[in-house]
Structures are given as C-alpha cells and as structure tokens.
Amino acid sequence: MNRVKPGETARTPWIVGVSGASGTPYAAAVLRALLAAGESVDLVVSRASRLTLLDETGIAFRDAHWRDDLREWLSRGADGKPGTFPVDVDGDRVRHWSAGDLAAGPSSGSYPVKGMLIVPASTACVAGVALGLSKDLLQRAASVTLKERRRLVVAVRETPLNGQTLRHLVTLDDAGATVLPASPAFYAGATHIQDLVDFVAGRVLDAAGVPHTLYRRWEGEIGGSRPSGTSDPSDTSGTGTTAPTAPTAPTAPTAPRVT
C-alpha cells in the first residue's frame, strides 16, 4: 500500500513522465504496477509522446478526456489487444497535468512527491533534463526532483547512443538520477512480448523501491526459468530443443537351455 513517511501526505504520488521516445507499453506497464501496489500517480504526457502513443496504439490522448483515454491505453496489452488488463483510474489516485502547465503542482519543490519515473525517456528529454532547460512540465518536474534530492529514474529508450547523449546520461548519474536503459532480459523465461515489457517496467520499479511481481527474479539456478521439457543443457545444436533420448537396444533372445 501507499506508505506515508515523514514529510509526506496521505496522497504523496510518484510522478510518471512519458516522453516522445518509442516504448509507450513500458509506461503503461509501470502505471499499472504502481496502481496495483497502492501508489498514487501524477501523470505528465509530453506533446511528442502523444504522437508516439497515437502511432503505437491508435489512441489519441486528450486533456479533456484523459481518464477515458488513459483507461483505454492501460487496458491494452503490449501486443495492442484491447481489454487485456482491468484498470481503475477513477478517483484521486491518478492526476493528470498538462505538459504545458508550468504552474502545475509538480513544478514546485514544495509539492510533496516520492520521486519521478520517466518512462520512456527520449534523448531530447535526457538532454533537456541534464541541461536544466525546463522547456515543459516534464523537464521542469525532473529538474525539481533532482534539486530536492528525490529519486529520479530515467528509462532511456534509444540505440545507438552518440557521445553527446552519453555525456548527458553521465551528468544525470552525477546529479543522483538512476539511468536505466530499456533493455529487456531473457533469463526470466519470457514467452510473450508482454513479458519483455514487464521486465523493463519491473526494473524501473525496483529502482524506485516499489514492490511488484512483474517478472521472475534470478535465483542462481541455470535454466531455472525454463518451462519443463523445453530445452536441455546438453543440447549443443543451437536449436534450443530437448535432446532426444537414445533408443534402447533390443534385448537379445535367450537361447533355450539344453538339459
């Protein structure tokens, strides 16, 4: 549940910033998991990210209808299938702030929040936060998070990275942010695109200290995440299939006993 600490209120949210990089399913998975953990969320969706969301899902995120649009977005799986997840975005647990509203609550350090998660983070967003540009509410909220020494997780989604972006990421790391590339892993036994998305979302929540059950954790056992019967350590063919069992040699007939 949403744990109240000194200096926080009953509603001390996580700010979730969604920038224009590809990867809106990552943001959806993080938002669903935060709500499932009993956390409150302040959502900032940049203007560029609305174009990405429209391109990746067909959903138009509108300020005047943000609850309906958010509900439709979060209910979809990473494969785009509608109605995959049940979601509840009613009430005060989720607030939406327009990216152009620089007088919004998250623009001030006196506004109580637990921290901020930028998922996904474009290289333009990374540069803006690293340079302190504050050109919109997303960048301003991130700058405030850093100056207030609150937790900031930046899930950068770009490849390859040029030298300038790498320097910006180092600047963010030096300022106290957690730089978390959106890099899915395969040791958790992924069998669906949603598994890969949930792994990245889970690592974001790990960095934020929010409990979740989005992926299977490593327990030190080689092949421990593989479903039974799908592969064999002795298979060196590269096919990833179970090694066939050698046929049993037929038993030679027993010669009749002469008496």
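Above this note sits the structure.
A brief look at the structure comes next.

Criteria and thresholds
Residues numbered from 1 in each chain as written. Predicted model: local features only at pLDDT ≥ 70, side-chain atom pairs only at ≥ 80, totals over all residues. Heavy atoms only, no water. Helix = DSSP H or I, 4+ residues; strand = E, 2+ residues; numbered from the N terminus. Buried < 20%, exposed > 50% of the residue type's maximum accessible area, 1.4 Å probe, protein only. Contact = heavy atoms within 4.5 Å. Axes fitted to C-alpha atoms, helices over the stretch in contact; angles between N-to-C directions. Parallel < 35°, antiparallel > 145°, perpendicular 65-115°, else oblique. Left-handed = near helix turned anticlockwise from the far one by under 90°. Nonpolar A, V, L, I, M, F, W, Y, C, P; charged D, E, K, R; others polar. Right-handed = clockwise from strand over helix to strand, strands pointing away. Core = buried A, V, L, I, M, F, W, Y, C linked by side-chain atoms within 4.5 Å. Pairing = 2+ DSSP bridges.

If you trace the backbone, D90 turns up in the loop between α3 (66-75) and β3 (94-98). D90 gets classed as partly exposed once you look at its relative accessible area, which sits at 44%. Each C-alpha atom, one on D90 and one on R71, is 9.1 Å from the other, the two residues being 19 residues apart in sequence. Apart from the residues within four sequence positions on either side, D90 is in contact with R67 and R71.

Looking now at the packing of helix α1 (residues 24-36) against helix α7 (residues 193-208). Following both chains from N to C, one finds α1 and α7 inclined at 60°, their axes separated by 9 Å at the closest point. Relative to α7, the element α1 lies oblique. With respect to the hand of their crossing, α1 and α7 are arranged in right-handed fashion. Residues P25, Y26, A29, V30, R32, A33 and L34 of α1 lie in contact with α7, whose contacting residues are Q194, L196, V197, D198, V200, A201, V204 and L205. In terms of residue class, the contact of α1 with α7 is made up of 12 nonpolar, one polar and two charged.

When you tally the buried positions in strand β5 (residues 151-156), you get five out of six residues, the bulk of the element. Viewed along the sheet, the connection from β5 through helix α6 (residues 163-174) into strand β6 (residues 178-179) turns out right-handed.

The linkage connecting V119 with the following residue, P120, adopts the cis geometry, with an omega of -10°. Within the secondary structure, P120 sits in strand β4 (residues 115-121). With a phi close to 50°, S134 is a non-glycine residue in the positive phi region. As for its placement among the helices and strands, S134 is situated in the loop between α4 (123-131) and α5 (137-147). For S134, a relative accessible area of 19% translates into the label buried.

In this structure, L34, L43, L70, W73 and L117 are the most contacted members of the largest nonpolar core, which totals 39 residues. Mapped by element, the contributors of at least two residues to this core are β1 (14-18), α1, β2 (41-45), α3, β4, β5 and α7. Here this core gets nine residues from one element, more than from any other, and that element is α1. Counting 25 residues, the second-largest nonpolar core is a separate cluster that includes Y111, C125, V129 and A142.

The parallel open sheet is built from six strands, whose spatial order is β3-β2-β1-β4-β5-β6. Edge positions in the open sheet fall to β3 and β6, since each of these has one partner strand only. Two elements, β5 and β6, share two bridges in a ladder whose sense is parallel. Each bridged residue has a counterpart across the sheet, and for V154 the counterpart in β6 is V179. In this fold α4 packs onto β4 and β5, with an angle of close to 145° to the strand it touches most, β4. Sitting on the sheet, α5 touches β1, β2, β3, β4 and β5, and the angle it makes with β4 is about 135°.

Note that every value here comes from positions in space, so none of it alone points to a role or purpose.
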